[in-house]
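# Breakdown of the fold
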Number of protein chains: 4
Amino acid sequence: MQLVRLLQDHPLVEIVYLGGESSAGKPFCSLYPHLGHQVELMIEPIDLDKIASRCEVVFLSLPNGLACEMAPQLLEKGCYVLDLSADYRFTNLNTYTKWYNKERSADLDVARTAVYGLPELYRDAIASARLVGCPGCYVTASLLALSPLLKQGLIVPDSAIIDAKSGASGGGRQAKTNMLLAEADASVSAYGIGGHHRHTPEIEQVCSDLAGHDVKVQFTPHLMPMVRGILATVYANLRDPGLVREDLLTIYKAFYRNSPWVKVLPGGTFPQSKWACGTNLCYIGIEVDQRTDRAIVISTIDNLIKGQAGQAVQCLNIMKGWSETLGLPQLSFYP
Amino acid sequence: MQLVRLLQDHPLVEIVYLGGESSAGKPFCSLYPHLGHQVELMIEPIDLDKIASRCEVVFLSLPNGLACEMAPQLLEKGCYVLDLSADYRFTNLNTYTKWYNKERSADLDVARTAVYGLPELYRDAIASARLVGCPGCYVTASLLALSPLLKQGLIVPDSAIIDAKSGASGGGRQAKTNMLLAEADASVSAYGIGGHHRHTPEIEQVCSDLAGHDVKVQFTPHLMPMVRGILATVYANLRDPGLVREDLLTIYKAFYRNSPWVKVLPGGTFPQSKWACGTNLCYIGIEVDQRTDRAIVISTIDNLIKGQAGQAVQCLNIMKGWSETLGLPQLSFYP
Amino acid sequence: MQLVRLLQDHPLVEIVYLGGESSAGKPFCSLYPHLGHQVELMIEPIDLDKIASRCEVVFLSLPNGLACEMAPQLLEKGCYVLDLSADYRFTNLNTYTKWYNKERSADLDVARTAVYGLPELYRDAIASARLVGCPGCYVTASLLALSPLLKQGLIVPDSAIIDAKSGASGGGRQAKTNMLLAEADASVSAYGIGGHHRHTPEIEQVCSDLAGHDVKVQFTPHLMPMVRGILATVYANLRDPGLVREDLLTIYKAFYRNSPWVKVLPGGTFPQSKWACGTNLCYIGIEVDQRTDRAIVISTIDNLIKGQAGQAVQCLNIMKGWSETLGLPQLSFYP
Amino acid sequence: MQLVRLLQDHPLVEIVYLGGESSAGKPFCSLYPHLGHQVELMIEPIDLDKIASRCEVVFLSLPNGLACEMAPQLLEKGCYVLDLSADYRFTNLNTYTKWYNKERSADLDVARTAVYGLPELYRDAIASARLVGCPGCYVTASLLALSPLLKQGLIVPDSAIIDAKSGASGGGRQAKTNMLLAEADASVSAYGIGGHHRHTPEIEQVCSDLAGHDVKVQFTPHLMPMVRGILATVYANLRDPGLVREDLLTIYKAFYRNSPWVKVLPGGTFPQSKWACGTNLCYIGIEVDQRTDRAIVISTIDNLIKGQAGQAVQCLNIMKGWSETLGLPQLSFYP
């Protein structure tokens, strides 16, 4: 739904096909009346031949384990594929199988060609990819906060702790008792505690790639009583106790110099999650506690835009050689 | 769950039986960990003989249409019954059948003995009842606001409009997409518009009883982005254009003189819903618009206490001849 | 702030001047960091000559009572003026003086030339106006719901009751205890009860203009525990008891045929306030209760867009002869 | 206000004096209408002689820096004093002066007799104290989570990181723009980042006392879009990599064996903040991540009860030799 909203406003994109299963045959607006007057498409049954004949680029937004059954055929038929599930995010498919309970012998060769869709880290590879696996909200917020520290070897790698806070829309539209307003509002709770959340191995894969060796992180997601937005508070021990805040600011600004969607805030300024809401931006605030020799990095994104649909459109822009900011919202919905 | 919480703190009540179907065999605390350390009861399968042998009073908190199958037997076995569903709220069972899709030929005689469990209106009848059908949150807030006007014949009866705003906990714990935090938070909406909500006939039944003739009301419920509380804004045209606010204040204070749970606020003061949260209180604020000859009455209750479990305990107190305030919370949870 | 956000995205507008008093000399981004990376303007002291020399159109967003001191000079210097305060919304300045405590002898002639900036009702007059007084959120939501009924003479005029529910951002950024999150969250309350809210005379002025005679309405605003959005539930007695929902739907659709920002929903569909959030749209749902011969109309807008800044930009588009939808957001921010 | 609410329900307490400055002369209910019908006291000007003549025990709930001017006199006049400010929480008054900008030469001798009012750690000292400085919400949640680990020497002391999430009521009733519902709702943000929050030295003082040597902690408070409740997520590196979750559960249960207000949850269960709301309870959930050799402890309390007024009443109970649970709420307000 967020993808449709963004693509509808993209000047170089035309949506020519919307696929669905249980909703096939219905007009899109019957599911989302709030977009109904602007989007007049029907939802069609999934037919890969028809899709390939009509579409140059296909976005897959499916439950985990389905994209890997469709992507190979779509690629073979000549489409570019951007997948929003976990299916093409893992370089080691055993890790995928362990966390997602799905055998992956069938598409090993295709999976090897997939590029990890975080443009700030893998921009060049995305530019020449035909298959991109886009990371989700928790992972994006975590990695954008941690990457400069790891890449520059500034921290004790296994000291990294990510305490992440997410709005409830990250949980999707499936009806579950614990996600009811009456249960989840006016409350905060942690889950997936102790490395048991499936985003832990995904974060570790990219961190290890950046560091050049195996890295373990502590990742704890929290459910917030709000709809949108994610804020990650990241702690890491500095290798060199002499580093101060200004050093890190310089390093972060350089690291993200060519990344229009990441905004490193001035020293002493830290983001509230709402600043990013409605945009594809990531705001980053940085502090060094010289008493404890720790870096504390706060990052925030809109979980449904930079953490999901916006990221995919940003990847599309790069794959097509367009401006990375094309068609994506920049001005916060605030307040 | 709210009943357990209140009865646990009631000085003259002991909970000796908790019945359930899908949850039978589990400890109560496995469903409600937040009460778990204080409530050590097991949930047992429903066995009317066992219930009757152990309990003097039985509270039924079941989906509509089930209480009417159990209450007759429990009464016959000597229990007092307080029902929190709609089954024993209607004097005309055809109305019940029309709105609740359930034939009621089997318990006609029993239903005739049921008393409507709104103590502020039917205190004496409750005192001598063996079967009480307790009204819910919308109806309680609406009737406490309207009753003095109707009883005294002060308004054009069919002019009454009730615009009610409720927290999401009124919808129960069943998982529905539209009640998810991500869907219902940060938003307000009306439903059951145009007399299509099943509380309309229930409100009208009591209003007609008070007025001495048939009364039609306009009742529009709204879903608020909050967990608890209900606020009813009630509009009605005054018969006598000479009436001013102070007249109504006098009438309301007299009407509720012996009702410890209703607080008529001083002129110019109006309640916010949170004032009642955590208590069995109903706050009422009153205004007269002399330009339009309309009375505007604002009432508020905690939908899960005075609008549900607390009301049932208040009825119990009356049935047993105890003080009406016994064991019920008086001090707001605010803020 | 909302105006800057919208104008920044408008393809035919360039912001060349931002005026302020206490904030003069600061960069705009120091006040609103969430817009800071996109908006690089400085806030300048208010100098009418400088404004007039640089700007073709001036938006005034000031406390009530200040615009009427600046607008006459700006008009004389050749600017178009769109005012977002109450100063130019009243045809009878005695009414203004009574409710806003401000004498208005100085600019009587100018005030007479002002057009009421609700495009759906006064589109033609706005097209040729040089001074427009744009209505706010409560009035816009109320009038868009009521106007077709009044204009066609379908209702008993004085029977109209508007029960309006607004997010807290309508109260502005001034720090008041009752608007703190800890006080206002998880609660709902009414205010300005009994015709005491200053939007009552403004609504009545336009209603009277539409009906062709004096009309009194009952308007009760409510504060919701949410940031954005407004929902008005409007009740009115139908003159002709034979009218059904489909009649009203036909009438509303005809009335708003040329109004791209008003969406009349199909029968049986009613909006939640969040559908309009982030857009300049007004959604309207309609019902007739044939038991009570009442029309019930539910309208919803984003209080900060169609209820404020977006409305002003819509008026600008009309004044300049541009498309009425130019530069304004159409796709909801939902969820 | 919370103190009045709790003391009003306490069976062995009578409130005989309520002092205030700007509110002196007003009835308590004029400030808090939601308690008005139950509390009929007037607020009186502060007169230490009058207080001492009437009261056996005095609770001071004042801005930091005022209690230290009154407590010495009240003690001299024979009162017991429970202070809710920071004035009597520090063993090293230089630390107090540094963080609270207040010289403390005048009451050095009195300060030396003050006991830190966290009953779970200093129960015996509280029992014989005449002056108790009660800790606030952040510190209480943090220390109850960390203390068993530190006391038993199980963790690398300086590895402790406390990521705390608090409802907005912790900020008090003072009107500030950033605490408005329109600003703070639907958002989360960190503050006092990098050891700059004044609760850091207070937490470190107690941790050092428990560990027997200087301990530094990383404490980061976050503002949640909710009214009440606090949740602390605490991370610490285990000294002995062989420890598993069950070991820690055993240690925590033993540590809190005699603490009726701390509930250690079964393995795999973690609290949501709402479970504690309305009670004086602290819930603790524990995990060990064997991949990283880290303990992760989640604690939650109601910031206004166990984190403020309830804690003071708990201390009172101990000072008077009453049951520690007397008059304090045990059953959650949930949902």
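These numbers come from a predicted model, not from an experiment. (Residues numbered from 1 in each chain as written. Chains lettered and ligands numbered in written order. Predicted model: local features only at pLDDT ≥ 70, side-chain atom pairs only at ≥ 80, totals over all residues. Heavy atoms only, no water.)

## With respect to the confidence of the model for chain A
- In this model, chain A carries a mean pLDDT of 96, and residues with pLDDT of at least 70 account for 99%.
- For this predicted complex, the interface score ipTM comes out at 0.97, while the overall pTM is 0.97. (pLDDT = per-residue confidence, 0-100.)

## Some thoughts on the relation of the copies chain D and chain B
- At an RMSD of 0.0 Å, chain D and chain B line up after a rotation of 180° and a shift of 0.0 Å along the axis. In symmetry terms, the pair is related by a two-fold rotation axis.
- Mapped onto chain B, 100% of the interface residues of chain D again fall at the interface, so both copies present the same surface. (Least-squares fit on C-alpha atoms with pLDDT ≥ 70 in both. Contact = heavy atoms within 4.5 Å.)

## Focus: the pattern of salt bridges
All names here are of chain D.
- Applying the stated criterion to the full structure yields 68 salt bridges over all chains.
- In this structure, R89 engages E202 in a salt bridge whose closest nitrogen and oxygen atoms are separated by 3.3 Å. Of this pair, R89 sits in the loop between β2 (80-83) and α6 (93-100) while E202 is found in helix α11 (residues 199-211), placing the two residues 113 residues apart along the sequence. For the pair shown, R89 and E202 are each scored as buried. (Salt bridge = Lys/Arg side-chain N within 4 Å of Asp/Glu carboxyl O. Helix = DSSP H or I, 4+ residues; strand = E, 2+ residues; numbered from the N terminus. Buried < 20%, exposed > 50% of the residue type's maximum accessible area, 1.4 Å probe, protein only.)

## Quick word on the sheet that holds β2(D)
Residues and elements named next belong to chain D.
- Across the sheet, which stays open at both edges, the four strands sit in the order β1-β2-β4-β3 with parallel pairing between neighbours. Whereas interior strands pair on both sides, the edge strands pair on one side only; in this sheet they are β1 (57-60) and β3 (115-116).
- Two elements, β1 and β2, share four bridges in a ladder whose sense is parallel. Looking across to β2, one finds that L60 is bridged to D83.
- Lying on the sheet, helix α13 (residues 305-319) is in contact with β1, β2 and β4 (131-133); it crosses β2 at an angle near 155°. (Pairing = 2+ DSSP bridges. Axes fitted to C-alpha atoms, helices over the stretch in contact; angles between N-to-C directions.)

## Observations concerning the UniProt feature "active site" (unreviewed entry) in chain A
All names here are of chain A.
- On the UniProt side, "active site" (unreviewed entry) is annotated at positions that read C137 here.
- Tracing the sequence through the fold places C137 in helix α9 (residues 137-151).
- What C137 contacts, discounting residues up to four positions off in sequence, is I230, I301, N303 and G307. (UniProt positions renumbered as here; feature names shortened; annotations may be inferred.)

## Points about the packing of helix α8 (residues 119-127) of chain A against helix α13 (residues 305-319) of chain A
All names here are of chain A.
- Running from N to C, α8 and α13 point in directions that differ by 40°, and their axes come no closer than 9 Å. Crossing of α8 over α13 shows right-handed handedness. Here α8 contributes P119, E120, R123, I126 and A127 to the contact with α13, which in turn contributes K306, Q311, Q314, C315, I318 and M319.
- Residue classes in the contact of α8 with α13 are distributed as six nonpolar, two polar and three charged. (Left-handed = near helix turned anticlockwise from the far one by under 90°. Nonpolar A, V, L, I, M, F, W, Y, C, P; charged D, E, K, R; others polar.)

## Observations concerning the interface of chain D and chain B
- With 30 residues of chain D at the interface, the matching set in chain B holds 30 residues.
- Regarding the contact of chain D and chain B, the summed buried area is about 2,700 Å², with carbon and sulfur atoms giving 65% of it.
- Between chain D and chain B we count zero salt bridges in total.
- Viewed at the interface, chain B and chain D are joined by ten residue pairs in polar contact (both at pLDDT 80 or more).
- The residue makeup of the side of chain D that touches chain B, split by class, is 14 nonpolar, nine polar and seven charged. (Buried area = accessible area lost by both parts, 1.4 Å probe. Polar contact = N/O pair within 3.5 Å; in protein donor to acceptor, adjacent residues only side chain to side chain.)

## Overview of the domain arrangement of chain A
Residues and elements named next belong to chain A.
- According to the domain assignment, chain A contains domain 1 (2-136 + 307-319) and domain 2 (137-302).
- Computed over C-alpha atoms, the centres of domain 1 and domain 2 are 25 Å apart.
- If you look at the interface, domain 1 gives 23 residues, while domain 2 gives 30 residues.
- Carbon and sulfur atoms supply 50% of the area that domain 1 and domain 2 bury against each other, a total of about 2,000 Å² over both sides. (Domains from an automatic or database assignment.)

## Observations concerning unusual backbone geometry
- Following Y334(B), the chain continues into P335(B) via a peptide bond in cis, with omega recorded as 5°.
- Among the secondary structure elements, P335(B) is positioned in the segment after α13 (305-319).
- The residue N101(C) is not glycine, and still its phi comes out positive at about 55°.
- Mapped onto the elements, N101(C) comes out in the loop between α6 (93-100) and α7 (108-113).
- Residue N101(C) is classed as exposed on the basis of its relative accessible area of 73%.
- Phi at A186(D) is positive, roughly 60°, even though this residue is not glycine.
- On the secondary structure map, A186(D) appears in the loop between α10 (181-184) and β6 (189-190).

## Examining α13(B)
Residues and elements named next belong to chain B.
- With 15 residues, α13 should reach 21 Å at 1.5 Å per residue; the first-to-last C-alpha distance of 18 Å falls well below that figure.
- Along α13, the sharpest change in direction is near 50° and occurs at Q311.
- In terms of residue burial, α13 counts as a mostly covered element, since 14 of its 15 residues are buried.
- The positive-phi residue at the C-terminal boundary of α13 is G321, with phi of around 75°. (Expected span 1.5 Å × (residues − 1). Bend = angle between axes of the 7 residues up to and from the residue.)

## Regarding the relation of the copies chain A and chain D
- Each copy of the sequence occupies a distinct position, and chain A is placed on chain D by a rotation of 180° and an axial shift of 0.0 Å, giving an RMSD of 0.0 Å.
- Both copies contact each other with a shared surface, as 100% of the interface residues of chain A are interface residues in chain D too.

## Some points on the packing of aromatic side chains
- Enumeration according to the criterion identifies 37 aromatic pairs over all chains in this entry.
- Members of the aromatic cluster, connected to one another through ring pairs, are F90(A), Y96(A) and Y100(A).
- A cation sits over an aromatic face here: K320(B) above Y80(B), 6.0 Å from the ring centre. (Phe/Tyr/Trp six-rings, centres within 6.5 Å; stacked < 30°, edge-to-face > 60°. Lys NZ or Arg CZ within 6 Å of the ring centre and 35° of its normal.)

## Quick notes on the sheet that holds strand β8 (residues 230-237) of chain C
Residue and element names in this part refer to chain C.
- Here we have seven strands laid out as an open sheet, ordered β6-β7-β5-β8-β11-β10-β9, and mixed in their pairing. Strand pairing shows two members of the sheet lacking a second neighbour, β6 (189-190) and β9 (262-264), which therefore form its edges.
- Here six bridges tie strand β5 (residues 161-166) to strand β7 (residues 218-223), and the two strands are oriented parallel to one another. Residue pairing across strands places A164 opposite P221, the latter belonging to β7.

## Digging into the interface of chain A and chain D
- Taken together, the contact between chain A and chain D spans 48 residues of the former and 48 residues of the latter.
- Of the roughly 3,700 Å² buried between chain A and chain D, counting both surfaces, carbon and sulfur atoms make up 54%.
- Broken down residue by residue, the surface that chain A buries against chain D is led by V188(A), I193(A) and R291(A), which jointly contribute 16%.
- The interface formed by chain A and chain D contains four salt bridges.
- Between R291(A) and E204(D) there is a salt bridge, with the nearest N and O atoms lying 2.8 Å from each other.
- Those elements that provide at least two residues to the side of chain A that touches chain D are β5 (161-166), α10 (181-184), β6 (189-190), α11 (199-211), β7 (218-223), β8 (230-237), β10 (282-289) and β11 (294-301) of chain A.

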